[in-house]
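Chain and residue survey
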Amino acid sequence: MPVQTASFTQGPLAFSPLTRFFASFVSVLFHPLLINVLMAAFLIYFHPAYFTGFDEKTKLLRFLTVVNNNFVLLMLAVLLMKALGFVKSIYLKTQRERVAPYIIAVTFFFWTYYIFRNLTEMPLVMTDMCQGIFFSACVALLLNSYYKISMHGIGAGGLIGLMVVILFNGGMPGALPLIVSFLIAGLVCSARMIVSDHNWFDVITGFIAGLLCQLTAAWII
């Protein structure tokens, strides 16, 4: 029997039900909106330096701002569009269905960035991260006119981009966060090739876009 191989533009091949279940689990667990929350949680609660001196109430309020603007409100918007019939599925399987959610994401992501930019005590890395997420949504909206770029790929690239910024700024607390972030990115990109209709071009360009947007926000803009 000939062995199937995947080309750069070919979609996912056949996988076992267990593999597909695991890939679906990874796709949900590390949804791009949840990766935004994960990035914020790392900076606020796990990095030993950036939020030193902040009391627990302030840290919680900053974290909840990200959770609310970058996850809850967006999910509610998609659920509302599904209920009203503007989209056929909450998975947003077509480019047309993704236009309105991308516009909403751009709005809410900019809102988060604007809030943090005007808080004088906010660590710059947090503000830059939110700006990078906003840039990513803008790029995704633009490229969606031409092909269905992978939102999960963008999220994975953004996660790696944040870790690269921290590393080169001399603030990486050991190798473990970097190793874990690369593991998550690898799992997410592989999972999308297993359980979505994306091809490698969609996923890789999404990853590159997310990575470059974080680097641009931190080092250029």
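Being a predicted model, the structure only gives us computed values, none of them experimental.

Some details on the overall build of the chain
On a plain count of helices and strands, the chain comes out with 8 helices and 0 strands. Mapped from its N terminus to its C terminus, the chain presents α and β elements in the order α-α-α-α-α-α-α-α. In terms of overall dimensions, the chain is globule-like: its C-alpha atoms have a radius of gyration of 18 Å, near the 17 Å expected for 221 residues. Projected onto its principal axes, the C-alpha positions of the chain cover 60 × 45 × 30 Å.

Brief notes about the confidence of the model for the chain
Atomic detail in the predicted coordinates should be set aside for any region of low pLDDT. For the chain, per-residue confidence averages 92 on the pLDDT scale, and residues scoring 70 or more make up 94% of the total. Within the chain, the lowest mean pLDDT, 95, falls on helix 1 (residues 17-29), and the highest, 98, falls on helix 5 (residues 124-143). Taken as a whole, residues 1-6 scores under 50 in pLDDT and shows 5 contacts with residues more than four places along the chain or in a different chain.

What to know about the packing of helix 1 against helix 7 (residues 176-195)
The contact between helix 1 and helix 7 brings their axes to 8 Å, and the two run at 125 degrees. Taken as axis vectors, helix 1 and helix 7 run oblique relative to one another. Crossing hand, helix 1 versus helix 7: left-handed. Here Thr19, Arg20, Phe22, Ala23, Ser24, Val26 and Ser27 of helix 1 come into contact with helix 7, specifically with Leu187, Val188, Ala191, Arg192, Ile194 and Val195. The residue inventory of the contact of helix 1 with helix 7, partitioned by class, reads 8 nonpolar, 3 polar and 2 charged.

Side note on unusual backbone geometry
In this structure, Leu92 is a non-glycine residue whose phi angle is positive, near 50 degrees. Residue Leu92 is classed as buried on the basis of its relative accessible area, which comes to 6%.

Observations concerning the packing of aromatic side chains
In the structure shown here, the tally under the stated rule is 9 aromatic pairs. Aromatic pair Phe168 and Trp219: ring centres 5.9 Å apart, planes at 80 degrees, arrangement edge-to-face. Placement of the pair is Phe168 in helix 6 (residues 151-168) and Trp219 in helix 8 (residues 200-219), with a sequence separation of 51 residues.

Observations concerning the environment of Met81
Among the secondary structure elements, Met81 is positioned in helix 3 (residues 56-83). For the pair Met81 and Thr52, spaced 29 residues apart in sequence, the C-alpha separation works out to 40 Å.

Regarding the environment of Leu212
Structurally, Leu212 is set in helix 8. On the basis of relative accessibility, which here comes to 46%, the residue Leu212 falls in the partly exposed class. Residues Leu212 and Phe135, spaced 77 residues apart in sequence, show a C-alpha to C-alpha distance of 9.4 Å.

Things to note about the pattern of salt bridges
Summed over all chains, the structure comprises 3 salt bridges. In this structure, Glu56 and Lys59 form a salt bridge, with 3.1 Å as the shortest nitrogen-oxygen distance. Separated by 3 residues within a single helix, Glu56 and Lys59 lie in helix 3, roughly one turn from each other. The partner of Lys148 in a salt bridge is Asp197, with the nearest N and O atoms 2.7 Å apart. Highlighted residues: Lys148 in the loop between helix 5 and helix 6 and Asp197 in the loop between helix 7 and helix 8, separated in sequence by 49 residues. Given a relative accessible area of 52%, Asp197 falls into the exposed group.

Comments concerning helix 5
A rise of 1.5 Å per residue sets the reference length of helix 5, with its 20 residues, at 28 Å; its end C-alpha atoms lie 28 Å apart and thus fit the reference within 8%. Burial analysis of helix 5 places 14 of its 20 residues in the buried class, the great majority of the element.

Side note on a nonpolar patch on the surface
On the surface, a nonpolar cluster with roughly 750 Å² of combined accessible area is contributed by Leu18, Phe21, Phe22, Phe25, Leu29, Leu183 and Leu187. Those elements that place two or more of their residues in the nonpolar patch are helix 1 and helix 7. Residue placement: Leu18 occurs in helix 1. Residue classification places Leu18 among the exposed residues on the basis of a relative accessible area of 66%.

Conventions adopted
- Residues numbered from 1 in each chain as written.
- Predicted model: local features only at pLDDT ≥ 70, side-chain atom pairs only at ≥ 80, totals over all residues.
- Heavy atoms only, no water.
- Helix = DSSP H or I, 4+ residues; strand = E, 2+ residues; numbered from the N terminus.
- Rg over C-alpha atoms; globule rule 2.2 N^0.38 Å.
- pLDDT = per-residue confidence, 0-100.
- Contact = heavy atoms within 4.5 Å.
- Axes fitted to C-alpha atoms, helices over the stretch in contact; angles between N-to-C directions.
- Parallel < 35°, antiparallel > 145°, perpendicular 65-115°, else oblique.
- Left-handed = near helix turned anticlockwise from the far one by under 90°.
- Nonpolar A, V, L, I, M, F, W, Y, C, P; charged D, E, K, R; others polar.
- Buried < 20%, exposed > 50% of the residue type's maximum accessible area, 1.4 Å probe, protein only.
- Phe/Tyr/Trp six-rings, centres within 6.5 Å; stacked < 30°, edge-to-face > 60°.
- Salt bridge = Lys/Arg side-chain N within 4 Å of Asp/Glu carboxyl O.
- Expected span 1.5 Å × (residues − 1).
- Patch = residues over 30% accessible without salt bridge, like charges linked within 9 Å, V, L, I, M, F, W, Y side chains within 5 Å.
- Areas by Shrake-Rupley, 256 points an atom, 1.4 Å probe, with all protein chains shown as cover.

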